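So the chains spell out like this:
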Amino acid sequence: MDQHPNPAPASPDIRTDIAIVGGGLNGTALALALARYGHAVTLIDALPVETRADPGFDGRGYALSIASVRLLQALGVWPLVADQAQPILKIRACDGRAGQGASPLYLEFDHAEIEEGPMGHMVEDRVLRPALLTAIGGAGVRHLAGETVVAQAVDDLGAVLELASGATIRARLIIGADGRASPTARRAGITRNGRDYGQTALVCAVEHDLPHEGTAWQLFLPHGPLAILPLTGNRSSIVWSETTAEAARIAALDDAGYLEELRPRFGDFLGEIRLAGARFSYPLILTLANSFIAKRLALVGDAAHGVHPIAGQGLNLGLRDVAALTEVLTHARRRGDDIGSAITLAGYQRWRRFDTTTLALGMDAVNRLFSNDNPVLRLGRDLGLGAVGALPGLRRRFIREAAGLTGDLPRLMAGQPI
């Protein structure tokens, strides 16, 4: 995994089938998937390769669903990360309060209740990023690293992107994978709806004395959820949501003070905890593009939708976009259709927008319900979690939802070739 592609030098005029703007995980995965299915792809990444390939831990780990793992297997990426992936064998969700630990009434999902194996795997960003860079290096993707788009234009025949370096890219389709603020979407006139949660996610990794046994915890604390997600070894990834003001206070503390704030919320069920790397913080907002498409343009990942991390579905949603758009564009190409036409792109929007919006609003409702200390609501939540746990059929349905096995799955996420 130590080999990375050299960025292709920008020429004055580059012609390609598809230009992807944004070199994060979704943009890179999409470039790889499209190239694997015969499309000529140019990936424009504002960051240098050295930054993307840096193995330093940046605080992020991803709970990849079974469906997302299948996609990575289909793209040849999974063998590069499998030995550093931690299977998720159980998920436990319950109310909690600092200093009091988890409620005894919790909802437990066990992978043994489905036939497909672990419900997912935890993979650290520092592992997945280099693996995707290695994969695109051998797939024929033209990778323009350290480049930014300064202008874009479209017409009935194609699209043109102007880069800060002076190069011009001519493509049949632009894909925006450039994050929640998506300049690509903004330049296309796509507006957004959403809201600021008034919360910030404090993110870190911790070492602990006792084994986590592959169990992921979601503790619903009064000011926001605390996710404790198993990593390889006796380590866990922490995604700790607090009010913006409280998060700023905690983030300003030294490591010892930070741990003193975390310990009463975390509890002692894994023994003593210690920081295992740097600490990070990310503001939490809900943002949904009012359209996932425009003329000769499509959006994927955070450029289309930014959701609360309460269920760890952000990257999984983005990878569903990747698989669905790859399938739509590949079928269009095989039929001899214009991959950038309004009819082709409408098929992608029909597939993904309703599903994504429904999940995003559902996570928003869960966060509203659980991020408070109302005693009546706490009792109702505890009883509700206990009731779901007591009904095997309903519990199994939730497990399959968490594993990404429900809904209209793209073929790559169902383990099938396009």
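Residues numbered from 1 in each chain as written. Predicted model: local features only at pLDDT ≥ 70, side-chain atom pairs only at ≥ 80, totals over all residues. Heavy atoms only, no water.

Draft legend 1. Spatial organisation of the confidence of the model for the protein chain. With 84% of its residues at a pLDDT of 70 or more, the protein chain shows a mean pLDDT of 87. Every residue in residues 1–6 is under pLDDT 50, and counting partners more than four places away or in other chains gives 19 contacts. (pLDDT = per-residue confidence, 0-100. Contact = heavy atoms within 4.5 Å.)

Draft legend 2. Representation of the nonpolar core within the structure. One finds Ile20, Leu128 and Ile175 to be the most contacted residues of the largest nonpolar core, which totals 79 residues. The biggest single contributor to this core is helix α9 (residues 314–335), with 9 residues. Not counting residues within four places of it along the chain, the set of residues in contact with isoleucine 20 comprises Gly27, Leu30, Ala31, Leu34, Val41, Thr42, Leu43, Ile44, Ile175 and Ala177. Ranked by size, the runner-up nonpolar core spans 20 residues in total, among them Leu219, Trp240, Ile250 and Leu275. (Core = buried A, V, L, I, M, F, W, Y, C linked by side-chain atoms within 4.5 Å. Buried < 20%, exposed > 50% of the residue type's maximum accessible area, 1.4 Å probe, protein only. Helix = DSSP H or I, 4+ residues; strand = E, 2+ residues; numbered from the N terminus.)

Draft legend 3. Structural context of the sheet that holds strand β3 (residues 61–65). Pairing within the open sheet is antiparallel, and its 3 strands lie in the order β3-β8-β4. Two strands lie at the open edges of the sheet, namely β3 and β4 (86–88), each paired on one side alone. Sheet twist, expressed as the average angle between the axes of neighbouring strands with direction ignored, equals 30°. Pairing of β3 with strand β8 (residues 120–124), which is carried by 5 bridges, proceeds in the antiparallel orientation. When the sheet's bridge partners are listed, leucine 64 is paired in β8 with histidine 121. In the packing of helix α5 (residues 125–137) onto the sheet, contacts are made with β3 and β8, and the angle to β8 comes to roughly 85°. (Pairing = 2+ DSSP bridges. Axes fitted to C-alpha atoms, helices over the stretch in contact; angles between N-to-C directions.)

Draft legend 4. Representation of helix α3 (residues 66–74) in the model. Those residues of α3 lying buried are Ile66, Ala67, Ser68, Val69, Leu71 and Leu72. In this structure, the buried residues of α3 make contact with β3, α4 (78–81), β8, α5 and α9. Count one or two residues on from α3 and you reach glycine 76, which has phi positive near 80°.

Draft legend 5. How the structure looks around the packing of aromatic side chains. Enumeration over the complete set of coordinates arrives at 3 aromatic pairs. Ring plane angle 55° and centroid distance 5.1 Å describe the contact between tryptophan 217 and phenylalanine 269, whose orientation is recorded as tilted. Taken together, the residues tryptophan 217 in strand β14 (residues 215–221) and phenylalanine 269 in the loop between α8 (255–266) and β17 (273–275) connect sequence positions 52 residues apart. Between tryptophan 240 and tyrosine 258, the ring centres sit 5.5 Å apart and the planes meet at 70°, which makes this aromatic pair edge-to-face. Highlighted residues: tryptophan 240 in strand β16 (residues 235–243) and tyrosine 258 in helix α8, separated in sequence by 18 residues. For tyrosine 258, a relative accessible area of 1% corresponds to the buried category. Here a set of aromatic residues connected by ring pairs shows up, and it is made of Trp217, Phe266 and Phe269. (Phe/Tyr/Trp six-rings, centres within 6.5 Å; stacked < 30°, edge-to-face > 60°.)

Draft legend 6. Fine view of the pairing of β16. Counting buried positions over the 9 residues of β16 gives 8, a clear majority of the element. When strand β13 (residues 192–208) meets β16, the two strands line up antiparallel, connected through 9 bridges. Bridge pairing in β16 links valine 203 to valine 239. Two strands pair when backbone bridges link them, and strand β15 (residues 224–231) and β16 are joined in this way by 6 bridges, in the antiparallel orientation. From the neighbouring strand, leucine 229 faces β16, where its bridge partner is serine 237. The hairpin formed by β15 and β16 contains 3 residues between the paired strands, and glycine 233 there has a positive phi angle of roughly 70°.

Draft legend 7. Geometry of the pattern of salt bridges. With the rule as written, the count across this model stands at 23 salt bridges. For the salt bridge of arginine 263 with glutamate 272, the shortest nitrogen-to-oxygen distance reads 2.8 Å. Here arginine 263 falls in the partly exposed class, since its relative accessible area comes to 26%. Each of Glu242, Glu246, Arg249, Glu261 and Arg265 takes part in one network of salt bridges that share partners. (Salt bridge = Lys/Arg side-chain N within 4 Å of Asp/Glu carboxyl O.)

Draft legend 8. Up close: the packing of helix α1 (residues 25–36) against α9. Interaxial distance between α1 and α9 falls to 9 Å at its minimum, and their mutual angle equals 25°. The angle between α1 and α9 places the two elements in the roughly parallel class. Here the hand of the crossing between α1 and α9 comes out right-handed. Together, Leu25, Asn26, Ala29, Leu30, Ala33 and Leu34 of α1 and Leu315, Gly318, Leu319, Val322, Leu325, Thr326 and Leu329 of α9 make up the contact between the two elements. (Parallel < 35°, antiparallel > 145°, perpendicular 65-115°, else oblique. Left-handed = near helix turned anticlockwise from the far one by under 90°.)

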